Amino acid sequence: MERKQVIEDLGVRIETLTRLHIRHGLHTTVHFQAHKQDIADYIKEHEIDIRSELDPISLNLYRRYFE
């Protein structure tokens, strides 16, 4: 997979996490926590430097849920 595609996929995953929280109120569910862990694993697997590689919106959302 190309690096650009990996970064775009991460952005989509973070946006999905946001939708689970804001639209559906599922932030206290096991599924939400599992999705959050999947994102963390994806970042480690692809060695993504989130500060320099993520677009500003995805970075802001990442910070909201992971920092």
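We now turn to the structure provided with this report. (Residues numbered from 1 in each chain as written. Predicted model: local features only at pLDDT ≥ 70, side-chain atom pairs only at ≥ 80, totals over all residues. Heavy atoms only, no water.)

We now examine the side chain of H21. Take H21: it is sitting in helix α1 (residues 3-22). A residue is classified by how much of its surface remains accessible, and H21, at 19% relative accessible area, is buried. Ignoring any residue separated from it by four or fewer positions in sequence, one finds H21 in contact with L26, H27, F32, R64 and Y65. (Helix = DSSP H or I, 4+ residues; strand = E, 2+ residues; numbered from the N terminus. Buried < 20%, exposed > 50% of the residue type's maximum accessible area, 1.4 Å probe, protein only. Contact = heavy atoms within 4.5 Å.)

One non-glycine residue, E47, lies in the positive phi region at around 50 degrees. Within the secondary structure, E47 sits in the loop between α2 (30-45) and α3 (50-53).

Right, let's get into α2. Here α2 contains 16 residues, and its C-alpha end-to-end distance of 22 Å stays within 8% of the 22 Å for a straight helix at 1.5 Å per residue. All of the buried residues along α2 are F32, H35, I39, Y42 and I43. Along α2, the residues classed as buried sweep out an arc of 100 degrees about the axis, all on the same side. Opposite its buried face, α2 presents the exposed residues V30, K44 and E45, each directed more than 90 degrees away. Contact partners of the buried residues in α2: α1, α3 and α4 (56-66). (Expected span 1.5 Å × (residues − 1). Arc of directions from axis to C-beta.)

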